[in-house]
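# Descriptive structure summary
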Amino acid sequence: MPDAVAVVADYLRSALVAVGEAVPVVSRVPTPRPSRFVRLERLGGFSPTPVTDRARLDVHAWAEREDQAHDLCALVRGLLGAIPGVRGGVTVYSVTEVGGPMWLPDPESGQPRYAFAAEIHMRGRVL
């Protein structure tokens, strides 16, 4: 199965640049921490068939202010809705939101953050 975090991160990096928002999209909180960034984390999922995967991802958007974190989260949410298609050679069938945006300030830094959860349904490769 493809690495869902890598597929989605690559897609979001390009999609954000295309709308004029060159925001880092990462799988771990960077050091030093940028003022704005998006973090993807796989929280599980399942394989409904031997050649497909439904990865559950948490998507976190950090920014300097609460309204900016909200707006970045909303933008990423919208862009993720357009991911179905072939992305980096991987067929993405659909995205299903499983948890809508929520205010979730970072407990360590206090930095404003919004988050949502989605399942990404994609095709693997036959071995």
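Rules and cut-offs
- Residues numbered from 1 in each chain as written.
- Predicted model: local features only at pLDDT ≥ 70, side-chain atom pairs only at ≥ 80, totals over all residues.
- Heavy atoms only, no water.
- Pairing = 2+ DSSP bridges.
- Helix = DSSP H or I, 4+ residues; strand = E, 2+ residues; numbered from the N terminus.
- Contact = heavy atoms within 4.5 Å.
- Axes fitted to C-alpha atoms, helices over the stretch in contact; angles between N-to-C directions.
- Expected span 1.5 Å × (residues − 1).
- Buried < 20%, exposed > 50% of the residue type's maximum accessible area, 1.4 Å probe, protein only.
- Polar contact = N/O pair within 3.5 Å; in protein donor to acceptor, adjacent residues only side chain to side chain.
- Core = buried A, V, L, I, M, F, W, Y, C linked by side-chain atoms within 4.5 Å.
- Parallel < 35°, antiparallel > 145°, perpendicular 65-115°, else oblique.
- Left-handed = near helix turned anticlockwise from the far one by under 90°.
- Nonpolar A, V, L, I, M, F, W, Y, C, P; charged D, E, K, R; others polar.

Moving on: the sheet that holds strand 6 (residues 113-123). One open sheet holds the six strands; their spatial order is 1-2-3-6-5-4, and the pairing between them is mixed. The open sheet has two edge strands, strand 1 (25-26) and strand 4 (85-87), and neither has a second partner. One ladder, built from two bridges, connects strand 1 with strand 2 (residues 37-49); its direction is parallel. Across the sheet, the residue bridging to Val25 is Val38, located in strand 2. Of the strands in this sheet, strand 2, strand 3 (52-62), strand 5 (90-103) and strand 6 touch helix 2 (residues 66-80), which is tilted by about 10° from strand 6.

Between its first and last C-alpha, helix 1 (residues 4-18) extends 21 Å over 15 residues, near the 21 Å set by a 1.5 Å rise per residue. Turning to helix 1, its buried residues number three or more, namely Ala4, Val5, Val7, Val8, Ala9, Tyr11, Leu12, Ala15 and Leu16. Near the N-terminus of helix 1, the side chain that reaches the backbone nitrogen of Val5, with its oxygen 3.1 Å away, is that of Asp3. Where helix 1 terminates, the next one or two residues include Gly20, which has phi positive at roughly 80°.

Glancing now at the side chain of Arg39. Looking at where Arg39 falls in the secondary structure, it is placed in strand 2. A polar atom in the side chain of Arg39 sits 3.1 Å from the backbone oxygen of Ser27.

It is worth spelling out the nonpolar core at this point. Grouped together as the largest cluster of nonpolar side chains are 32 residues, with contacts concentrated most on Val8, Leu12, Val38, Leu40, Val76, Leu80 and Ile120. Mapped by element, the contributors of at least two residues to this core are helix 1, strand 2, strand 3, helix 2, strand 5 and strand 6. The element best represented in this core is helix 1, accounting for nine residues. Leave out the neighbours within four places in its chain, and Leu40 touches Val5, Val8, Ala9, Leu12, Val25, Val26, Ser27, Asp58 and Val59.

With that settled, consider the pairing of strand 2. With nine bridges joining them, strand 2 and strand 3 adopt antiparallel strand pairing. In the sheet register, Arg39 faces strand 3, and the bridge partner there is His60.

For the rest of this paragraph, the subject is the packing of helix 1 against helix 2. Two elements in contact, helix 1 and helix 2, have axes separated by 10 Å at closest approach and are oriented at 110°. One element, helix 1, and the other, helix 2, form an angle in the roughly perpendicular class. For the pair helix 1 and helix 2, the crossing hand works out as right-handed. Contacts between helix 1 and helix 2 involve Val8, Tyr11, Leu12, Ala15 and Leu16 on the former and, on the latter, Leu72, Leu75, Val76, Leu79 and Leu80. Partitioned by chemical class, the residues of the contact of helix 1 with helix 2 number 10 nonpolar, no polar and no charged.

Scope: geometric values only; no functional claims are made or implied.
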